[in-house]
Amino acid sequence: MMAAQSGSAHRLRHFLTTEDLSGGAIGEILDTAESFISVGEREIKKVPLLRGKTIVNLFFESSTRTRTTFEIAGKRLSADIININTSVSATQKGESLLDTVRNLEAMHTDLFVIRHPLSGAADLVARSVPPHVHVVNAGDGRHAHPTQGLLDMFTIRRYKGDFRQLTVAIVGDVLHSRVARSQIHALTALGTKEVRVVGPRSLLPAAVETLGVRAHTDMATGLSGADVIIMLRLQFERMSGALIPSAHEYFDLYGLTRERLALADKDAIVMHPGPMNRGLEIASDVADGPQSVILPQVTNGIAVRMAILARLAGASAGEGRAS
Amino acid sequence: MIDVEEALARVIDGARAFGERKPLLIGIHTGGVWVAERVHEGLGLDEPLGTLDISFYRDDFSRVGIHPQVKTSHLPVPLDGRHIILVDDVLHTGRTIRAAMNEIFDFARPASIALAVLIVRDGRELPVQPDIAGATISLKPWQHVKLTGPDPLGIRITEKGE
């Protein structure tokens, strides 16, 4: 069971998963993100909302995009950001996760952004911190990567509009993908017409259909008429056995090429949470092609993370709004 | 009771006196934009109107959190060296104006800022006074005055909790 994300009604205290978020709650976060887009287009790309707050990016797994966009998001909100990577931290000396967090808390940290290879790590921290401290899950094992899930929803909404009209195909290594799980929960909550997962059986979770998606092992049927194609990275580092025959064969069967993209709707967008394996799950001419929104996803990540940080930090106390 | 059209006419007259400085109008969301639109129309200005949403600059953020539907601040022309007329519907505590000025200075350094408001009420908490005022009203601390609109504009006085 996950710790409750919300403190009191309608107020998020932590941001750990997209699982228990309603379509309305997601919509509100996306609306807030929309208003932060303009801040990135200003001469002075900064607003004073989180002035005086301290955010610690606590990363026990490597990351470029997520850590950097969280850092930029925090800085554009005027917070102070400390980055801690596992390679230089005391956990290397055997300090436990909670001890590390307690020590950082003692330095008056207001918000933790945590990435950890173990599922449930951010949740564990959220249960242990005092009430005024907030926790954001930036990826925990195979479980969830909710800010990525929401930035993908934001990107889809900006390009394609109403989810109730859309067919979304999530393609590739769904089994190891915390991104896919967060996307599926969010897409379902937003009332998406059809959500498909496409890939070899060995890379689709058992009973994935119970999440409300349709499973396809054939790219032709999986992509047919899709409005949104989300390609996932093959996560070799999380594979314990030989789940795919060879990289070459995988690309032949499941790589997104121009020919396969033509099976989708002609206005379909192509997404990828990064980092991409070019020539493995996606062809370079598709990744760089006119239907690709892979780089806008990165830009949108800043506004969405600003929205989440601002909503958490603004929820510390208080009732109602004064005019 | 305040006559909205009379108050508006007074604000437009007051703004007209700033004419030779070629002022740039900036309205504060939401009511201030409605007033600014009417003043803009009344003065027949060519340049588009600027709009500000001060949600990211509020001083009560840590108490009340962020409003989910923040509007976008939109300043269509460069502000550097310009004379600005900042327009709001009601001047009460002065905190909104403080926030709006902070936001303007994050965009540029204007030559001057004048404040135009449709309704001035008591209860100032900061040293902010209007340069142009449509009407003045005295209210009890638990009363609120609110501009309704945009078409037609109206004024509603409510009791707290109502």
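Residues numbered from 1 in each chain as written. Chains lettered and ligands numbered in written order. Predicted model: local features only at pLDDT ≥ 70, side-chain atom pairs only at ≥ 80, totals over all residues. Heavy atoms only, no water.

### Considerations on the overall build of chain B
Looking only at helices and strands, one finds four helices and seven strands in chain B. Starting at the N terminus, the α and β elements of chain B follow one another as α-β-α-β-α-β-α-β-β-β-β. Taken against the 2.2 N^0.38 rule, which gives 15 Å for 162 residues, the C-alpha radius of gyration of chain B at 15 Å falls within 12% of a compact globule. Seen along its three principal axes, the alpha-carbon backbone of chain B occupies a region of about 45 × 40 × 30 Å. The proportion of buried residues among the 162 residues of chain B is 51%. (Helix = DSSP H or I, 4+ residues; strand = E, 2+ residues; numbered from the N terminus. Rg over C-alpha atoms; globule rule 2.2 N^0.38 Å. Buried < 20%, exposed > 50% of the residue type's maximum accessible area, 1.4 Å probe, protein only.)

### Focus on helix 2 (residues 65-76) of chain A
All names here are of chain A. Its 12 residues place the ends of helix 2 16 Å apart at the C-alpha level, agreeing with the 16 Å of an ideal helix rising 1.5 Å per residue. Within helix 2, burial applies to Thr-66, Arg-67, Thr-69, Phe-70, Glu-71, Ala-73, Gly-74 and Arg-76. Phi for Ser-78, located one or two positions after helix 2, is positive at around 70°. (Expected span 1.5 Å × (residues − 1).)

### Description of the interface of chain B and chain A
How big an interface is tends to be stated in terms of accessible area lost as the parts join. Counting from both sides, the interface comprises 22 residues of chain B and, opposite them, 28 residues of chain A. Of the roughly 2100 Å² buried where chain B meets chain A, counting both sides, 56% is carbon and sulfur surface. Of all the secondary structure elements, the ones that give two or more residues to the side of chain B that touches chain A are helix 3 (61-64) and helix 4 (95-107) of chain B. Its residues assigned to classes, the side of chain B that touches chain A shows nine nonpolar, eight polar and five charged. (Contact = heavy atoms within 4.5 Å. Buried area = accessible area lost by both parts, 1.4 Å probe. Nonpolar A, V, L, I, M, F, W, Y, C, P; charged D, E, K, R; others polar.)

### Re the domain arrangement of chain A
Residue and element names in this part refer to chain A. The domain architecture assigned to chain A consists of domain 1 (2-144 + 299-313) and domain 2 (147-293). Distance from the C-alpha centre of domain 1 to the C-alpha centre of domain 2: 26 Å. With 32 residues of domain 1 in contact, the opposing surface of domain 2 contributes 23 residues. If you sort the residues of domain 1 by the area they bury against domain 2, Thr-18, Leu-30 and Arg-142 come out on top, with a joint share of 28%. Across the contact surface, domain 1 and domain 2 share four salt bridges. Contributing elements (two or more residues each) for the side of domain 1 that touches domain 2: helix 1 (23-37), helix 2, strand 3 (111-116), strand 4 (134-140) and helix 11 (294-313). Sorting elements by how many residues they give to the side of domain 1 that touches domain 2 places helix 1 first, with nine residues. (Domains from an automatic or database assignment. Salt bridge = Lys/Arg side-chain N within 4 Å of Asp/Glu carboxyl O.)

### A closer look at the sheet that holds strand 3 of chain A
Note: strands within a sheet are paired through backbone hydrogen bonds, in either parallel or antiparallel orientation. All names here are of chain A. Sheet architecture is open: four strands sit in the order 2-1-3-4, paired in parallel fashion. Looking at strand neighbours, the two that pair on one side only are strand 2 (80-85) and strand 4, the edges of this open sheet. Each strand of the sheet is rotated relative to its neighbour by a mean of 15°, with strand direction disregarded. Sheet topology places strand 1 (residues 54-59) next to strand 2; six bridges connect them, and they run parallel. Bridge pairing links Val-56 to Ile-82 in strand 2. (Pairing = 2+ DSSP bridges. Axes fitted to C-alpha atoms, helices over the stretch in contact; angles between N-to-C directions.)

### As for the pattern of salt bridges
Enumeration over the complete set of coordinates arrives at 25 salt bridges over all chains. Between Glu-28 of chain A and Arg-311 of chain A there is a salt bridge, with the nearest N and O atoms lying 3.0 Å from each other. Residue Glu-28 of chain A is located in helix 1, and its partner Arg-311 of chain A is located in helix 11; the two are separated by 283 residues in the primary sequence. The class for Glu-28 of chain A is partly exposed, based on a relative accessible area of 31%. Arg-311 of chain A gets classed as buried once you look at its relative accessible area, which sits at 16%. Between Arg-38 of chain B and Glu-5 of chain B there is a salt bridge whose closest N-O contact spans 2.8 Å. Of this pair, Arg-38 of chain B sits in helix 2 (residues 31-43) while Glu-5 of chain B sits in helix 1 (residues 4-16), placing them 33 residues apart in sequence.

### Concerning the confidence of the model for chain B
Atomic detail in the predicted coordinates should be set aside for any region of low pLDDT. Confidence in the prediction for chain B averages 92 pLDDT; 99% of positions are at 70 or higher. Taken over the whole predicted complex, pTM reads 0.88, whereas the ipTM for its chain interfaces reads 0.78. (pLDDT = per-residue confidence, 0-100.)

### Topic: helix 6 (residues 178-189) of chain A
Residue and element names in this part refer to chain A. With 12 residues, helix 6 ought to run about 16 Å at 1.5 Å a step, and its terminal C-alpha atoms sit 17 Å apart, in line with that. Looking at helix 6, one finds that the buried residues are Arg-178, Val-179, Ala-180, Ser-182, Gln-183, Ile-184, Ala-186 and Leu-187. With a side-chain oxygen positioned 3.3 Å from the backbone nitrogen of Val-179, the residue opening helix 6 is Ser-177. Among the residues trailing helix 6, Gly-191 stands out with phi positive, at a value near 80°. (Polar contact = N/O pair within 3.5 Å; in protein donor to acceptor, adjacent residues only side chain to side chain.)

### Concerning the environment of Phe-105 of chain B
Looking at where Phe-105 of chain B falls in the secondary structure, it is placed in helix 4. Under the relative-accessibility criterion, Phe-105 of chain B is labelled partly exposed at 45%. When near neighbours in sequence (up to four residues on either side) are disregarded, Phe-105 of chain B contacts Ile-44 of chain A together with Pro-110 and Ile-113 of chain B.

### Concerning the packing of helix 3 (residues 97-105) of chain A against helix 4 (residues 121-128) of chain A
Residue and element names in this part refer to chain A. One way to put it is that helix 3 packs onto helix 4 with a least axis distance of 10 Å and a crossing angle of 50°. In terms of orientation, helix 3 lies oblique with respect to helix 4. The interaxial crossing formed by helix 3 with helix 4 has right-handed handedness. On helix 4, the residues that touch Leu-97, Leu-98 and Val-101 of helix 3 are Ala-121, Leu-124, Val-125 and Ser-128. Here the residues of the contact of helix 3 with helix 4 are counted per class, giving six nonpolar, one polar and no charged. (Parallel < 35°, antiparallel > 145°, perpendicular 65-115°, else oblique. Left-handed = near helix turned anticlockwise from the far one by under 90°.)

### Here we look at the sheet that holds strand 6 (residues 194-198) of chain A
All names here are of chain A. As summarised here, the arrangement of the five strands in space is 7-6-5-8-9, forming an open sheet in which the pairing is parallel. Each having just a single partner strand, strand 7 (214-216) and strand 9 (269-271) make up the two edges of the open sheet. If you compare each strand with its neighbour and ignore which way they point, the axes differ by 20° on average. Bridge count between strand 8 (residues 228-231) and strand 9: three bridges; the pairing is parallel. Bridge pairing in strand 9 links Val-228 to Ile-269.

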